[in-house]
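# Per-entry structural report
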Amino acid sequence: MTSSYKRSLYSSIVRIVANVVMIGAVFLGMYMASRSPMSSMSTFCLWFFGISIPVWMGAFALIRKIRQIYADEGATYIELPRQGASLVYWRVLEQPQHHLGIVR
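Rules of the game
- Residues numbered from 1 in each chain as written.
- Predicted model: local features only at pLDDT ≥ 70, side-chain atom pairs only at ≥ 80, totals over all residues.
- Heavy atoms only, no water.
- Helix = DSSP H or I, 4+ residues; strand = E, 2+ residues; numbered from the N terminus.
- Buried < 20%, exposed > 50% of the residue type's maximum accessible area, 1.4 Å probe, protein only.
- Contact = heavy atoms within 4.5 Å.
- Areas by Shrake-Rupley, 256 points an atom, 1.4 Å probe, with all protein chains shown as cover.
- Axes fitted to C-alpha atoms, helices over the stretch in contact; angles between N-to-C directions.
- Parallel < 35°, antiparallel > 145°, perpendicular 65-115°, else oblique.
- Core = buried A, V, L, I, M, F, W, Y, C linked by side-chain atoms within 4.5 Å.

Once that is clear, we can look at the overall build of the protein. A tally of regular secondary structure across the protein gives two helices and two strands. Looking at the 104 residues of the protein, the share that counts as buried comes to 16%. Long-range contacts, defined as pairs at least 24 residues apart, comprise 43% of the intrachain contacts of the protein with a sequence gap of at least 6. Accessible surface, the protein as shown: approximately 8500 Å² in total, 65% of it carbon and sulfur.

Contact pair helix α1 (residues 3-35) / helix α2 (residues 40-69): the axes reach a minimum separation of 8 Å and the direction vectors enclose 170°. Considering the angle they form, α1 stands roughly antiparallel to α2.

With that out of the way, let us pick up the nonpolar core. The biggest cluster of nonpolar side chains holds five residues, and these are Val14, Ala18, Ala59, Ile63 and Ile66. Among the secondary structure elements, those contributing two or more residues to this core are α1 and α2. At three residues, the largest contribution of residues to this core is made by α2. Sequence-distant contacts of Val14, that is, excluding residues within four places in its chain, are made with Ala59, Leu62, Ile63 and Ile66.

Written as structure tokens, this is what we have:
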């Protein structure tokens, strides 16, 4: 398997798992809100956002790690000033066919 295939496969799996956990967070939030009808909205928000924010932060961090591990050929992560770690694609230019100023 190529790096781009692995990267897209693993990233898709992470996104699917995060979305399934989000559906579970909705149901858990609704269940917990039904147990306390006086403060149902705040209970739902507490449970839903308490689950969803850490899940998506973890998913984004995991996807970034997957991109670092399975980078494209000719691409690497380097630290850039004021930008942090960035994916950079390297390209080698071809040698010119004739050299100007050099006579043989």
